[in-house]
Amino acid sequence: MKSLRIFVSIMLTLLPWCVQGQQVPVMETGANHMPDAWIDRDTGHKVIKLTRRAGDNTSFYFHNNPFIGNEMLFAGSSGYGTRDSQMFAVDLSTLRIRQVTREPYPVRTEIACAATHEIFFQHGDSVFALNTDNGIRRFITRLEAKSGHGTINCVNCDGTLLAGVFSTAEEDQLFRDHPTRHEWFNMLTDHPYERTLFTIDTRTGRVDRFYREVAWLNHLQFSPRDPHLLMFCHEGQWHRVDRIWNIDVTKPKARLMHRRTMENEIAGHEWFGALGRYIYFDLQKPKSENFFIGRVDLGTGAEQDFRISRDEWSVHFTTSWDERFIVGDGGSPTSVAHSDKNQWIFRFDYDGDRMKTTKLVNMKHHDYALEPNVHFSPDGKWIIFRANFEGHTDVYAVEL
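As a starting point, this report considers the structure included with it. (Residues numbered from 1 in each chain as written. Predicted model: local features only at pLDDT ≥ 70, side-chain atom pairs only at ≥ 80, totals over all residues. Heavy atoms only, no water.)

Quick notes on helix H3 (residues 181-190)
Spacing of three or four residues puts side chains on the same side of an α-helix, whose turn is 3.6 residues.
Part 1: Regarding H3, the residues found buried are Trp 184, Phe 185, Leu 188 and Thr 189. Buried residues along H3 cover an arc of 135° about the axis, so they all sit on one side.
Part 2: Of the surrounding secondary structure, the elements contacted by the buried residues of H3 are helix H2 (169-177). (Buried < 20%, exposed > 50% of the residue type's maximum accessible area, 1.4 Å probe, protein only. Helix = DSSP H or I, 4+ residues; strand = E, 2+ residues; numbered from the N terminus. Arc of directions from axis to C-beta. Contact = heavy atoms within 4.5 Å.)

In structure tokens:
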């Protein structure tokens, strides 16, 4: 009887290490060319490659939802190092990949609506929608600017409104005259130009310029539950701006969501929780010294801050679909935390006013010039991230 219990225990231990009867190798992530599935040697978690096609394959930014049904949208190029991207979708059950757009020009968008099964993209000043089920494309409108140009950024939860920003000709000229990020980022922090927020009715094409401000307005995100609630930021050097703002696009009065309380405090990389009640953000009081994940109740304005260590800080965080825990994508020694110990995909669980951390993937072979940008799979069982530890960009998932 004792021998039988030992045998059953061994088999239960080995079961997660096998896929369809084949043993999954235990490997150091990124140390060599990786197979389609492996066990991370340092964490014991299974990792799979989602984008099993040639070319560079790039997932969405952390706060842009890439899922329509059980498919994940991503941008893929025809070869390594090329810029001729089109949009693709991978079925997360079968890992079957199909091409979604077939335009004569590059298409790379991160604006997808799960409610209408559409993606939205822009070519020049023309805005289009494409149905991901049947491939039918429709023209929505042309963004006519008196000066500068307009750019769409996001779609609301029911697919009825797009939101974007009009810039000025003067700001556009600054980017042409100062092409390096270090130059124009600091210059726009010191002397921002006027920007205008707008919405587009996706059914009629009507453009509504509803808010303008002399500020670098950026990072637009619609609430996952309220079709009229838009979040945006005052971009710039984080220790010099009160960054996180909300606005009702039908009643355009902006509301600051977190006010800095000390010199060199920073708050940013904000996102809506999937349930629509909270906004979360990276918080440092002051910058590079004390690290937190902040959370603000949209109804009451009450804030809670959850402490993490320097070695747990991540470039981006995001919440699970039920908001019971958080994951992060780690960082490099040159990031704001200046840690050489946080090159991991992390899981964070609430523990009073702190976060308790579990390491999911060792990212020491990943170049953080490419941000991993974590997402939860629709079933909540996998964390999806992008990485370049194989010498090019692909999208992977680690099992929770």
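Now that the structure has been shown, the text picks up again.
Some points on the environment of Leu 161
Part 1: The topology assignment puts Leu 161 in strand E16 (residues 161-166).
Part 2: On the basis of relative accessibility, which here comes to 13%, the residue Leu 161 falls in the buried class.
Part 3: In sequence terms Leu 161 and Arg 354 are 193 residues apart; their C-alpha atoms lie 38 Å from each other.
Part 4: Among all residues touching Leu 161, those that are not within four sequence positions of it are Cys 154, Val 155, Asn 156, Thr 199, Ile 200, Asp 201, Thr 202, Phe 222, Pro 227, His 228 and Val 249.

A look at the environment of Lys 251
Part 1: Here Lys 251 lies in strand E22 (residues 251-256).
Part 2: In this structure the C-alpha to C-alpha distance between Lys 251 and Asp 297, which are 46 residues apart in sequence, comes to 20 Å.

What to know about the pairing of strand E13 (residues 126-131)
Part 1: Buried residues dominate E13, accounting for six of its six residues.
Part 2: Taking every second residue as pointing to the same face, both faces of E13 are buried, with Ser 126, Phe 128 and Leu 130 on one and Val 127, Ala 129 and Asn 131 on the other.
Part 3: When strand E12 (residues 118-123) meets E13, the two strands line up antiparallel, connected through six bridges. Note on E13: the bridge partner recorded for Phe 121 is Phe 128. (Pairing = 2+ DSSP bridges.)

Digging into the sheet that holds strand E31 (residues 375-376)
Part 1: In spatial order, the strands read E3-E4-E5-E33-E32-E31; together these six strands make up an open sheet with mixed pairing. If you trace the sheet from one side to the other, it starts and ends with strand E3 (26-27) and E31, each paired once.
Part 2: Summarising the sheet, strand E32 (residues 382-387) and strand E33 (residues 394-399) pair through six bridges and their orientation is antiparallel. Of the residues in E33, the one forming a bridge with Arg 386 is Val 395.

Description of the side chain of His 366
Part 1: Inspection of the secondary structure assignment puts His 366 in the loop between strand E30 (354-362) and E31.
Part 2: A polar contact of 2.9 Å, which involves the side chain of His 366, links it to the side chain of Asn 388.
Part 3: Apart from residues no more than four positions distant in its own chain, His 366 is found in contact with Pro 372, Arg 386, Ala 387, Asn 388 and Phe 389. (Polar contact = N/O pair within 3.5 Å; in protein donor to acceptor, adjacent residues only side chain to side chain.)

So, the packing of aromatic side chains
Part 1: All chains considered together, the criterion is met by 22 aromatic pairs.
Part 2: Above the ring of Phe 88, the side-chain terminus of Arg 53 is found at 4.1 Å from the ring centroid. (Phe/Tyr/Trp six-rings, centres within 6.5 Å; stacked < 30°, edge-to-face > 60°. Lys NZ or Arg CZ within 6 Å of the ring centre and 35° of its normal.)

Digging into the side chain of Asp 282
Part 1: Tracing the sequence through the fold places Asp 282 in strand E24 (residues 278-284).
Part 2: Despite its burial, Asp 282 pairs with no opposite charge, the nearest such side chain being Arg 243 at 8.9 Å.
Part 3: A distance of 3.3 Å separates the side chain of Asp 282 from the side chain of Gln 284, its partner in a polar contact.
Part 4: Only 3.1 Å separates the side chain of Asp 282 from the side chain of Trp 313, close enough to count as a polar contact.
Part 5: Here Asp 282 is in contact with Trp 238, Ile 266, Ala 267, Gly 268, His 269, Phe 292, Trp 313 and Phe 317, once residues within four sequence places are set aside. (Lys, Arg positive; Asp, Glu negative; His and termini not counted. Salt bridge = Lys/Arg side-chain N within 4 Å of Asp/Glu carboxyl O.)

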